[in-house]
Amino acid sequence: MSVAYHPEEIIAIVSPEFQNGSTSELIRSIASLSTARPGDLSFLGNPKYKAKVANTAASIVLVPLNFVREPATDQLFLYVANPSTALAKVCSRIEQSLWPKPPPSIHSTASVDPTATIASTATIGPLCVVEGNVEIGEGSYLQGHIFVGHHTKIGRNCWIMPGCIISTACELGHRVRLQSGVVVGSDGFGYEFVAGHHEKVPQVGNVVVGNDVEVGANTTIDRARFSHTIIGEGTKVDNLVQIGHNVVIGRHCILCAQVGVSGSTTIEDYVILGGQVGVGGHITIARGTKAGGQTGIVNDTNPGTYLNGTPAISYVLERRLQVLHQRLPELFKRVSTLEGNPE
Amino acid sequence: MSVAYHPEEIIAIVSPEFQNGSTSELIRSIASLSTARPGDLSFLGNPKYKAKVANTAASIVLVPLNFVREPATDQLFLYVANPSTALAKVCSRIEQSLWPKPPPSIHSTASVDPTATIASTATIGPLCVVEGNVEIGEGSYLQGHIFVGHHTKIGRNCWIMPGCIISTACELGHRVRLQSGVVVGSDGFGYEFVAGHHEKVPQVGNVVVGNDVEVGANTTIDRARFSHTIIGEGTKVDNLVQIGHNVVIGRHCILCAQVGVSGSTTIEDYVILGGQVGVGGHITIARGTKAGGQTGIVNDTNPGTYLNGTPAISYVLERRLQVLHQRLPELFKRVSTLEGNPE
Amino acid sequence: MSVAYHPEEIIAIVSPEFQNGSTSELIRSIASLSTARPGDLSFLGNPKYKAKVANTAASIVLVPLNFVREPATDQLFLYVANPSTALAKVCSRIEQSLWPKPPPSIHSTASVDPTATIASTATIGPLCVVEGNVEIGEGSYLQGHIFVGHHTKIGRNCWIMPGCIISTACELGHRVRLQSGVVVGSDGFGYEFVAGHHEKVPQVGNVVVGNDVEVGANTTIDRARFSHTIIGEGTKVDNLVQIGHNVVIGRHCILCAQVGVSGSTTIEDYVILGGQVGVGGHITIARGTKAGGQTGIVNDTNPGTYLNGTPAISYVLERRLQVLHQRLPELFKRVSTLEGNPE
């Protein structure tokens, strides 16, 4: 990771309640207890792994306040209320080292239309294309190889990673993060069947992405037929997800990788969809619905339900049916026996 | 959407049979009856929603000829034979405003090989790469950040959106539209297992895309091992679809998002595949076959059948089996009762 | 394909044991026996098709040593031990013609940081971005429109196709081939739910790709939370696959298109996953496991097992259950009859 922290720097980042031992190593990486080597920082995030601390070669270990054991030679224990939270602080510092915020600038190889409004603290990286009448807010960072279509608005402190395409007249809120290769504002998939062929229905709406949304690599979000495709504030979308035209997604939802949401469907707040879930069109996924991986949802759901299977039913019923399904050979035999024909 | 139409312009676009009322608003957007605000145009596409016209705030409403109601103050009704068709005319006009055809040109930042043949009315946008011996036809538009491999031919009036990659020696017909991030001509996935490892089988065929085909964002179409992977005229492919090597797709098919088609499979004309459908290799999907979302097809199909489930069976049978599947707990109880062991 | 080989050149490439007949045609393409036309080379790869040789119009046919038939007029038979292997030699030569290794160079439109180390025999194509402290090995080829984040290392003789993004601090071995649009090193999908919203867990690990790995178009591979996401030597990954953070994939595996692997899962050597397979998180897929298309694997697997269905069970059991599932209508009738209520 090309970082190196003196133990005193780690102590300053973590602010432990107390400490025990010492190490002469610079911390260059993070590792689990069992794979750590000298120069690594590790942590006891789950008490069930506490025996692994005895054998870890990590130079620094983050441990909970009630942890009882002496560090090895050249090893430092830092006692904290929550080792996972303390680790996150270290990771945040590393993140800042790995991706230092570049100084505000417009790279000489970027192609920026003179009618675009770029905030003075924004950064436009190499080989970006910014078309006319675009607005880019304070502190936002277009990393490189990014295309922003005309009349699109990007809020403050967004981070758009390489290869993203944000088409015409779309809107991104503040602190939006798009991983590489995201397409925002592709045409919705709408045709009318006329005289033996499919005629395109023009897709002239846009996509509106709320504050604090993150979108995963190579995910696609279609523009509305008219009006808006909407991703609500704080929602997190994983890689290779498809979001159809006129979909409205609420706040603080989680859409795992390869989910597909068909057009005109509404997903309310706090919905969680597992990997490869498919959602039909023109339905409503109620607040707090959860669906396991590969579930196929074709009807409205009730709030807070946990679904599984295709077509989706309650997780508990689905699991029970799976067990009975696997007992079908036995059931066929029992019926044969009842019929007087034991196999 | 950054458009504004005077009511007289809308009347000119729509050519209503007659009209009633008037509005002083400029039309800036389109909305459904229930969400429309002043400045919006709305439409009564389905008679069952006619009661909603009474409460809409839309400034202009497209209504069918037999619609009976007076417009509100500052509201204009336009009477047309088919409100949806009339709306499409307005959308087409907006589409032309949003994406005006740029004047023919080759952007100064594009990298075009001198042996490429670019028609005089074609447009090559910023940061495109066009390799040697490429041919690009009259009126075609490469929007930006596009890579065209050597010896590839692109027909007339195509629109290639940002981030597309069209690899070596492929062929696109006329009026082809590729949404952003499409890959045409990636290598087919072919290996031979030799001495404990997979040896690559060279993939030296190409991809041939017919006239009037549209391909969705981030979809991938592999080149043939040899000969051609073919997408037939008028076929529409949604986002994130995978089309394997040597696949032959007929005319006027619909492939919804995240469909996957394995290598060497033939899909005949007018086939419709729902979202996330998987199609096995070396099979034939007969003319007019339809498959519901997430269906898994591993065998040849009969013309005009409607399939569902994995493995795919007829939709009617699949729905019946789903009902019986959910009655398995009852069936197990009934058999126990017959055995003299009621639960 | 824009190639043309004199028959003598084909003979030199194939080195047949013996030959029969002759042709005046230049060989410009490869085709199957039934679709070949003059100027095509064809081959008898499977003895069951030997009758097709009689009617083929191919100018050259690769046939096995024991094949008995006279060539037609203007037709040449080349007798070889293994026609498929001989064909692969011809395809390799065509591949070299289609994609000749460009001379080592850094294109004038590429943006290369002065701290990057580019081997003297490497080629950096048009409009690539290479950030600081990157290392690119001998003979490697970045074709165009590629983004390489700082501190990333790319080994020898890699071929990175247009539109790929390799993020910060990742490592590629030797002879790695990335098809177009691949994203290596996107953030893992990790959040903690705090006070009603999802807080991002920084993802500061990297991705390590072994020697001889090939990755398909628009596939995404997430960087580890910390430590490494690993793709083992010789593993082949198809298009539109999602590989989550901290996944460890062994050597010589095959992951077909649209597979999704959730975070922290281990896939051992020689595993084969069919198209659209979903794999849950934090599990181990044992050496040599095979899974059919659309299988959903949520538990550890045993070595060498062949799985199918969701949730995954043995292929043989799954097929048996499918048959019984389709007999449910019959079973319900039989139980009704036993109950004295024949339908």
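For the structure, check the block above.
So, here's what we can say about the structure. Predicted, not measured: the structure shown is a model, and the values here were computed from it.

### Let's talk about the interface of chain A and chain C
- Contact residues are listed per partner, giving 57 residues for chain A and 64 residues for chain C.
- When chain A packs against chain C, close to 4,700 Å² is buried across both sides, 65% of that on carbon and sulfur atoms.
- In this structure, the connection of chain A to chain C is made through 3 salt bridges.
- Salt-bridge contacts for C:Arg334 lead to A:Glu339; the nearest nitrogen and oxygen are separated by 2.8 Å.
- On the surface where chain A and chain C come into contact, there are 25 residue pairs in polar contact (both at pLDDT 80 or more).
- The class makeup of the residues in the side of chain A that touches chain C is 29 nonpolar, 22 polar and 6 charged.

### Observations regarding the interface of chain B and chain A
- Taken together, the 57 residues of chain B in the interface contact 63 residues of chain A.
- Taking both partners together, chain B and chain A bury about 4,700 Å²; carbon and sulfur atoms supply 65% of that area.
- Of all residues in chain B, the largest losses of buried area upon contact with chain A belong to B:Trp99, B:His145 and B:Phe332, amounting jointly to 13% of the total for that side.
- For the pair chain B and chain A, the interface holds 25 residue pairs in polar contact (both at pLDDT 80 or more).
- Residue assignment for the side of chain B that touches chain A shows that the elements contributing at least two residues are helix 2 (83-98), strand 26 (236-237), strand 29 (254-255), helix 3 (315-326) and helix 4 (328-338) of chain B.
- Grouping the amino acids of the side of chain B that touches chain A by side-chain chemistry returns 29 nonpolar, 22 polar and 6 charged.

### So, the packing of helix 4 (residues 328-338) of chain A against helix 4 of chain B
- Packing of helix 4 of chain A against helix 4 of chain B leaves a shortest axis separation of 11 Å and a crossing angle of 35 degrees. When the axes of helix 4 of chain A and helix 4 of chain B are compared, the crossing they make is left-handed. Only B:Leu328, B:Leu331, B:Phe332, B:Val335, B:Ser336 and B:Leu338 of helix 4 of chain B make contact with helix 4 of chain A, whose side of the interface consists of A:Leu328, A:Glu330, A:Leu331, A:Arg334, A:Val335 and A:Leu338.
- Classifying every residue of the contact of helix 4 of chain A with helix 4 of chain B by side-chain character gives 9 nonpolar, 1 polar and 2 charged.

### Here we look at the relation of the copies chain B and chain A
- Once chain B has been moved 0.0 Å along the axis and rotated by 120 degrees, it coincides with chain A to within an RMSD of 0.1 Å. Here the symmetry operator amounts to a three-fold rotation axis.

### What about the sheet that holds strand 29 of chain B?
All names here are of chain B.
- Read from one edge of the open sheet, 12 strands run 6-9-12-15-18-23-26-29-32-35-37-38, paired in mixed fashion. The sheet is open, and its two borders are formed by strand 6 (105-106) and strand 38 (313-314), each paired with just one other strand.
- As defined by bridge partners, strand 29 adjoins strand 32 (residues 272-273) across 2 bridges and the pair is classed as parallel. Residue Leu255 lies in a different strand from strand 32, and its bridge partner there is Leu273.

### Considering helix 1 (residues 7-14) of chain B
Residues and elements named next belong to chain B.
- For helix 1, the set of buried residues is Pro7, Ile10, Ile11, Ile13 and Val14. Taken around the axis of helix 1, the buried residues stretch over an arc of 160 degrees, which confines them to a single face. For helix 1, the exposed residues lying more than 90 degrees away from the buried face are Glu8 and Ala12.
- Summarising the contacts, the buried residues of helix 1 are in contact with strand 1 (18-21), strand 3 (40-43), strand 4 (60-64), strand 5 (76-80) and helix 2.
- Just past helix 1, the residue Ser15 takes up positive phi, approximately 50 degrees.

About the cut-offs
- Residues numbered from 1 in each chain as written.
- Chains lettered and ligands numbered in written order.
- Predicted model: local features only at pLDDT ≥ 70, side-chain atom pairs only at ≥ 80, totals over all residues.
- Heavy atoms only, no water.
- Contact = heavy atoms within 4.5 Å.
- Buried area = accessible area lost by both parts, 1.4 Å probe.
- Salt bridge = Lys/Arg side-chain N within 4 Å of Asp/Glu carboxyl O.
- Polar contact = N/O pair within 3.5 Å; in protein donor to acceptor, adjacent residues only side chain to side chain.
- Nonpolar A, V, L, I, M, F, W, Y, C, P; charged D, E, K, R; others polar.
- Helix = DSSP H or I, 4+ residues; strand = E, 2+ residues; numbered from the N terminus.
- Axes fitted to C-alpha atoms, helices over the stretch in contact; angles between N-to-C directions.
- Left-handed = near helix turned anticlockwise from the far one by under 90°.
- Least-squares fit on C-alpha atoms with pLDDT ≥ 70 in both.
- Pairing = 2+ DSSP bridges.
- Buried < 20%, exposed > 50% of the residue type's maximum accessible area, 1.4 Å probe, protein only.
- Arc of directions from axis to C-beta.

No statement about biological role is implied by the geometric values presented.
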